[in-house]
Amino acid sequence: MANMNNSPITQVSQHSVPTHSNLQPQLLTRLFLDLRGKRFEVDRETIMNLPESVLLCLFPNGLVLSRQSVALSDGGGDEEDEEVYGVDFDPDCFQFVLNFFRTASETFYGTSTSPGLLSAQQHLLDATADFGPTSSQNPLLSKQAIIVLREELEYFSIPPNDGNPLTDQNGIANDKLLDIKRRSGDYLIDKRNIFTALQRNVNKENNVAEQHLIDMLCMSGFDREDEWGYRALEPSRCCISSIALVLLKTGIHHYPNNEKPADIDYGQMATAQKLLLFWRKPARKCWWDGMDVELSATETEKAATVKLWARRVWTLELSLV
């Protein structure tokens, strides 16, 4: 019989076992972020509540919320040492998201001075618990749900062919073409209505699935005339980033001054539960949108009609705070 002590599977050197318990990863309680020169200090819970699609933009290589301690018994290390993460993301957009999520959380859970909606619907949670675990596990009864809709729009300007060159000898855009691109961006940035482009695509292609998407979103919290909550050009790119955040309509009705206990419209709740498909599972849709645009004259350039092609990518998800 083979000597098990000589087996490479069972041989473990005693010296390979770590002897310092303080080498275990430490959970970070807060993160210091530098978003294009603007500093943010964000606690761990706030980061964890952010939408997955936003986190992927903030940390495309992955988010690390722990670090390996280098403090040994003969050395020191301050766990509150500031380590700043550089992030290529619009700081104003990030602030918009933080403000919305904070307000939504305070409204639902309450603050130190005022109770929130959760306390007024606690009896609904207690009632569903009597019918077994399945009904009591509906997260829409105990969490604030937020619909997150983002759009990344890349645009391409095709100016009229008037015989004048638009690039230099190296094929790089000259000042005239750059001006057309800037004016095209200014034109698109003002088109803030969320559903206009998608509805135009529905009308053109008679796409029933896209129409159902618009209808579902407008039944769940959006309005057909809603505008993007935040919309801005990306620096040095022909790209516009937009985001819209709305509270999910769950069908839970609250009455002024608690005149009556909160109750549920179960039809609306059933519609809201369809959005749970997008909880922690962002869905994406991409389509091309082309149009002829009249760019108004400027002090240096005359009016021009250009063909604008836009590649739009929508990301839809549900966040539970």
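The protein appears in an unreviewed UniProt entry as Phosphatase activator from Candolleomyces eurysporus.

Peer 1: In this structure, what is going on with the overall build of the protein? I would like to understand it.
Peer 2: From N to C terminus, the protein includes 10 helices and 12 strands. Partitioning the contacts of the protein with sequence separation of at least 6, the portion at a separation of at least 24 is 71%. Accessible surface computed for the protein: about 19,100 Å², of which carbon and sulfur atoms make up 52%.

Peer 1: I would appreciate a short explanation of the sheet that holds strand 5 (residues 84-87) in the present structure.
Peer 2: Strand pairing in a sheet relies on backbone hydrogen bonds, with the paired strands running either antiparallel or parallel. One open sheet accounts for 3 strands, arranged 3-2-5; its pairing is mixed. Here the strands that pair on one side only, and so sit at the sheet edges, are strand 3 (38-43) and strand 5. Sheet twist, expressed as the mean angle between neighbouring strand axes with direction ignored, is 30°. Here 4 bridges tie strand 2 (residues 30-35) to strand 5, and the two strands are oriented parallel to one another.

Peer 1: How should the pattern of salt bridges be read in this particular structure?
Peer 2: Across all of its chains, the model carries 14 salt bridges by this definition. The salt bridge involving Glu234 is made with Arg36; its shortest N-O contact spans 2.7 Å. One end of the pair, Glu234, is in the loop between strand 7 (230-233) and strand 8 (239-247); the other, Arg36, is in the loop between strand 2 and strand 3, and 198 residues separate them in sequence. For Glu234, a relative accessible area of 10% corresponds to the buried category. According to the relative accessible area criterion, Arg36 is partly exposed, its value standing at 34%.

Peer 1: Got a minute to help me understand unusual backbone geometry in this structure?
Peer 2: The general pattern is negative phi for most residues beyond glycine and trans for most peptide bonds. Even without being glycine, Ser236 reaches a positive phi, approximately 60°. Mapped onto the fold, Ser236 is located in the loop between strand 7 and strand 8. The class for Ser236 is exposed, based on a relative accessible area of 84%. Positioned with a positive phi, Arg280 is a non-glycine residue whose angle comes to about 65°. Positionally, Arg280 belongs in the loop between helix 10 (266-274) and strand 11 (283-295).

Peer 1: Just to check I follow, could you spell out the sheet that holds strand 6 (residues 145-158) for this structure?
Peer 2: Ordered in space as 7-8-6-12-11, the 5 strands form an open sheet in which the pairing is antiparallel. Taken across any chain shown, the strands that pair with only one partner, and hence form the sheet edges, are strand 7 and strand 11. Pairs of neighbouring strands in the sheet enclose a mean axial angle of 20°, with direction left out of account. Relative to strand 8, strand 7 is paired through 4 bridges, and the arrangement is antiparallel. Paired with Ala232 across the strands is Ser241, a residue of strand 8. Helix 7 (residues 175-189) contacts strand 6, strand 7, strand 8, strand 11 and strand 12 (304-320) of the sheet and is inclined by roughly 150° relative to strand 6. Taken strand by strand, helix 9 (residues 208-220) contacts strand 6, strand 8, strand 11 and strand 12, and its axis lies near 135° from that of strand 6.

Peer 1: What should I look at first to understand the packing of helix 8 (residues 196-205) against helix 9 in this one?
Peer 2: Two numbers describe how helix 8 lies on helix 9: the axes approach to 9 Å, and their chain directions differ by 145°. The handedness of the crossing between helix 8 and helix 9 is left-handed. Here Leu198, Gln199, Asn201 and Val202 of helix 8 come into contact with helix 9, specifically with Glu210, Gln211, Leu213 and Ile214. For the contact of helix 8 with helix 9, the per-class residue count stands at 4 nonpolar, 3 polar and 1 charged.

Peer 1: Just to check I follow, could you spell out the environment of Pro282 for this structure?
Peer 2: Turning to its location among the elements, Pro282 is positioned in the loop between helix 10 and strand 11. Note: C-alpha distance between Pro282 and Ser319 (37 residues apart in sequence) is 9.8 Å. With residues near it in sequence (within four places) discarded, Pro282 still touches Glu52, Ser53, Thr315, Leu316 and Glu317.

Peer 1: I tried to follow the environment of Gln95 on my own but got confused; where do I start?
Peer 2: Tracing the backbone through its elements, the reader meets Gln95 in helix 3 (residues 91-109). Taking C-alpha positions, Gln95 is 9.0 Å from Phe40, a pair spaced 55 residues apart along the chain.

Peer 1: For this particular structure, what's the right way to read the packing of aromatic side chains?
Peer 2: The way to describe two aromatic rings as a pair is by their centre distance and the angle between their planes. Scanning the model with the defined rule gives 8 aromatic pairs in all. Where Trp287 meets Trp314, the ring centres are 5.5 Å apart and the plane angle is 75°; that geometry is what we call edge-to-face. You can see Trp287 sitting in strand 11 and its partner Trp314 sitting in strand 12, a full 27 residues away along the chain. A relative accessible area of 5% places Trp287 in the buried class. Classification of Trp314 as buried rests on a relative accessible area of 3%. Here a set of aromatic residues connected by ring pairs shows up, and it is made of Phe195, Phe222, Trp228, Trp287 and Trp314.

Peer 1: How should the side chain of Glu317 be read in this particular structure?
Peer 2: Relative to the helices and strands, Glu317 resides in strand 12. Within the local environment of Glu317, its side chain forms a polar contact with the backbone nitrogen of Glu52, the two atoms lying 3.1 Å apart.

Parameters at a glance
- Residues numbered from 1 in each chain as written.
- Predicted model: local features only at pLDDT ≥ 70, side-chain atom pairs only at ≥ 80, totals over all residues.
- Heavy atoms only, no water.
- Helix = DSSP H or I, 4+ residues; strand = E, 2+ residues; numbered from the N terminus.
- Contact = heavy atoms within 4.5 Å.
- Areas by Shrake-Rupley, 256 points an atom, 1.4 Å probe, with all protein chains shown as cover.
- Pairing = 2+ DSSP bridges.
- Axes fitted to C-alpha atoms, helices over the stretch in contact; angles between N-to-C directions.
- Salt bridge = Lys/Arg side-chain N within 4 Å of Asp/Glu carboxyl O.
- Buried < 20%, exposed > 50% of the residue type's maximum accessible area, 1.4 Å probe, protein only.
- Left-handed = near helix turned anticlockwise from the far one by under 90°.
- Nonpolar A, V, L, I, M, F, W, Y, C, P; charged D, E, K, R; others polar.
- Phe/Tyr/Trp six-rings, centres within 6.5 Å; stacked < 30°, edge-to-face > 60°.
- Polar contact = N/O pair within 3.5 Å; in protein donor to acceptor, adjacent residues only side chain to side chain.

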